[in-house]
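The chain contents come next:
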Amino acid sequence: MVNVFENAIGMVERTADLLDFERRFKGMQIIERMRIPDKTIEFRATVQLDNGPLKVFHCYRIQHSDVLGPYKGGIRFHTDVDIDEVKALALWMTMKTALVELPYGGSKGGITVNPKTLTVTELERLVRKYVFRLVNDIGPNIDIPAPDMGTGAREMAWIFDEYRKHRDAAQGVVTGKPIELGGSLGRMEATGRGVVCAMLEAAKNMGLRDYTAAVQGFGNVGMHAALDLHQRGIKVVGVGDITGSVYSAQGIDIPGLVLHQKKTGRLEGFPGADPMEDVVTCKCDVLLPCARENTILADNAEFVQAKLIAEGANGPTTPEADAILEKKGVVVVPDILANAGGVIVSYFEWVQNREGFYWEEEDVNARLFARLRKAYARVKDMAGRRRISLRQAAYCIAMERIVQAMIARGVQ
Ligand code: GLU
């Protein structure tokens, strides 16, 4: 079994070795301070179901590090949510915000639940109970939740509303809100757009031309990434999600696929595209894994045909798979860079909430792309100078920033 947190911390340990932390920061306990989160909150939420009985849920909020600012990270609703997954996701948030220079630390929350098995009223009760229990631990200057897998603007609205029952109204307590409640234009599409932006930078660098793309995952990230590719005239030949995968060498009509998926709940059966086995190994030049962690593994990495991968999901590639891809010469734009668009626009939302002045969508996108391109350029430059992978370079930049802040702050 792959332990997702051990994989995540392993990357931090390799980075510390490479940057010679043991010698440079003797006695500072950098690895221990990254391994053990600042605070782990694990609790129960009991909810009354619409037809009478009670149901008990396992809930988490892990505040990994606030060395660079208030904790920031989404809330995941999924049956596979457990402490190790939330810890890994929180650690990745710390890395991501440091890499793209946001004034935040990292955290993550989750509830072990399949939201599709609850009614809307039951879900609302669950979200409100979750916030009620965390009311002292979250806040616009403490810890700012956002959407992740299984949650969206609707849940963020309930979080905001529940929080303001107990504390001063503060819109910046949560990001990813509906526009009417202080959400930012472009937040919903931001992660998908960001993945495409990072991919375009890498493709340009590699001199790729007339390339085709495949997208794994058709949720908020994968769907918006696929739509963005389609709009840019880049042929999306493969799309897959948990229900199945489809392929068309001529390119798939993505807006049509979105409608088909909304109507039928699946991708297969879409006219003009054939069912296929696994989108990860399909014939394409660029692959965007936008589903979840551990989808590119030692057994399928061997058969990846893409020359470039941009990770929309958090942790889609295991360390073993990463080594195989590197050997094959596949360029991987790592998750903490490629999917940072979501938290970047979350930051813009928080800034807009504080100012009470709201930006046009073009301004949001322009600032998003500028920030991502700058981060990409720094990562690319570091990778070239040290002859290391983009992932390793991204971790070097993030860790260096975190450690400098730790030292400046003293013993926390
Ligand atoms: N859940 C998203 C992520 O993994 C967004 C987090 C945020 O906007 O704070 O990056």
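### Brief notes about the sheet that holds strand E3 (residues 71–78)
Strands sit in the order E1-E2-E4-E3-E5 across an open sheet of five strands; the sheet is mixed. Strand pairing shows two members of the sheet lacking a second neighbour, strand E1 (39–48) and strand E5 (143–147), which therefore form its edges. Within this sheet the neighbouring strands show an average axis-to-axis angle of 25°, counted without direction. In this structure, E1 lies alongside strand E2 (residues 54–65), joined through 10 bridges in antiparallel fashion. Bridge pairing links glutamate 42 to tyrosine 60 in E2.

### Describing the site of the ligand
In the vicinity of the ligand there are 14 residues, among which Lys72, Lys96, Pro147, Asp148 and Ser346 approach most closely. Here an oxygen atom of the ligand and a side-chain polar atom of lysine 96 are 2.6 Å apart. A distance of 2.9 Å separates an oxygen atom of the ligand from a polar side-chain atom of lysine 108. If the ligand stood free it would expose 300 Å²; the protein chains cover 95% of that surface. Elements that contribute at least two residues to the shell around the ligand include exactly E3, helix H4 (83–99), E5 and helix H13 (341–355). Residue composition of the shell around the ligand, by class: four nonpolar, five polar and five charged.

### As for the packing of aromatic side chains
If you walk through the whole model with that rule in mind, you get seven aromatic pairs. With a centroid separation of 5.2 Å and 65° between ring planes, the pair formed by phenylalanine 21 and phenylalanine 25 is classed as edge-to-face. Here phenylalanine 21 falls in the buried class, since its relative accessible area comes to 3%. A relative accessible area of 11% means that phenylalanine 25 is categorised as buried. Between the aromatic rings of phenylalanine 348 and tryptophan 359, the centroid separation amounts to 5.1 Å while the plane-to-plane angle is 45°, which identifies the pairing as tilted. Here phenylalanine 348, found in helix H13, pairs with tryptophan 359, found in the loop between H13 and helix H14 (361–386); they are 11 residues apart in sequence, far enough to count as distant. Residue class for tryptophan 359 comes out buried when judged on its relative accessible area of 12%.

### What to know about the state of the cysteines
The tally for this structure, following the rule as stated, stands at zero disulfides. The thiol of cysteine 284 is unpaired, and the distance to the nearest cysteine sulfur, on cysteine 282, comes to 4.2 Å. Cysteine cysteine 290 remains unbridged, with the sulfur of cysteine 284 as its closest cysteine sulfur at 12 Å. You can call cysteine 290 buried: its relative accessible area is 7%.

### A short note on the side chain of histidine 260
Along the chain, histidine 260 turns up in helix H9 (residues 254–264). According to the relative accessible area criterion, histidine 260 is buried, its value standing at 12%. Only 3.0 Å separates the side chain of histidine 260 from the backbone oxygen of glutamate 268, close enough to count as a polar contact. Once residues within four sequence positions are removed from consideration, histidine 260 is found in contact with Gly265, Arg266, Leu267, Glu268, Gly269 and Phe270.

### Some remarks on the pairing of E3
Counting buried positions along E3 gives seven out of eight residues, so the element sits mostly inside the fold. The sheet contact formed by E3 and E5 spans five bridges and is parallel. Directly across from glycine 73, in E5, lies its bridge partner proline 145. Where E3 and strand E4 (residues 106–112) come together, four bridges link them in parallel fashion.

### Focus: H4
Turn by turn, an α-helix covers 3.6 residues, leaving residues three or four places apart pointing in a common direction. Between its terminal C-alpha atoms H4 stretches 24 Å, which fits the 24 Å expected from 17 residues at 1.5 Å a residue. One or two steps after H4, the chain reaches glutamate 101, where phi turns positive at roughly 60°.

### Digging into the environment of glutamine 231
Within the secondary structure, glutamine 231 sits in helix H8 (residues 220–231). For glutamine 231 and glutamate 362, which are 131 residues apart along the polypeptide, the C-alpha to C-alpha distance reads 16 Å.

### Quick word on the environment of glycine 312
Along the chain, glycine 312 turns up in the loop between strand E11 (308–310) and helix H11 (319–328). Here glycine 312 falls in the buried class, since its relative accessible area comes to 5%. Along the backbone, glycine 312 and valine 195 are 117 residues apart, and their C-alpha atoms lie at a distance of 5.7 Å. If we skip the residues at most four places from it in the chain, glycine 312 touches Val195, Val221, Pro289, Cys290 and Asn339.

Reading the values: the criteria
Residues numbered from 1 in each chain as written. Predicted model: local features only at pLDDT ≥ 70, side-chain atom pairs only at ≥ 80, totals over all residues. Heavy atoms only, no water. Pairing = 2+ DSSP bridges. Helix = DSSP H or I, 4+ residues; strand = E, 2+ residues; numbered from the N terminus. Axes fitted to C-alpha atoms, helices over the stretch in contact; angles between N-to-C directions. Near = heavy atom within 4 Å. Polar contact = N/O pair within 3.5 Å; in protein donor to acceptor, adjacent residues only side chain to side chain. Areas by Shrake-Rupley, 256 points an atom, 1.4 Å probe, with all protein chains shown as cover. Nonpolar A, V, L, I, M, F, W, Y, C, P; charged D, E, K, R; others polar. Phe/Tyr/Trp six-rings, centres within 6.5 Å; stacked < 30°, edge-to-face > 60°. Buried < 20%, exposed > 50% of the residue type's maximum accessible area, 1.4 Å probe, protein only. Disulfide = S-S within 2.5 Å. Contact = heavy atoms within 4.5 Å. Expected span 1.5 Å × (residues − 1).

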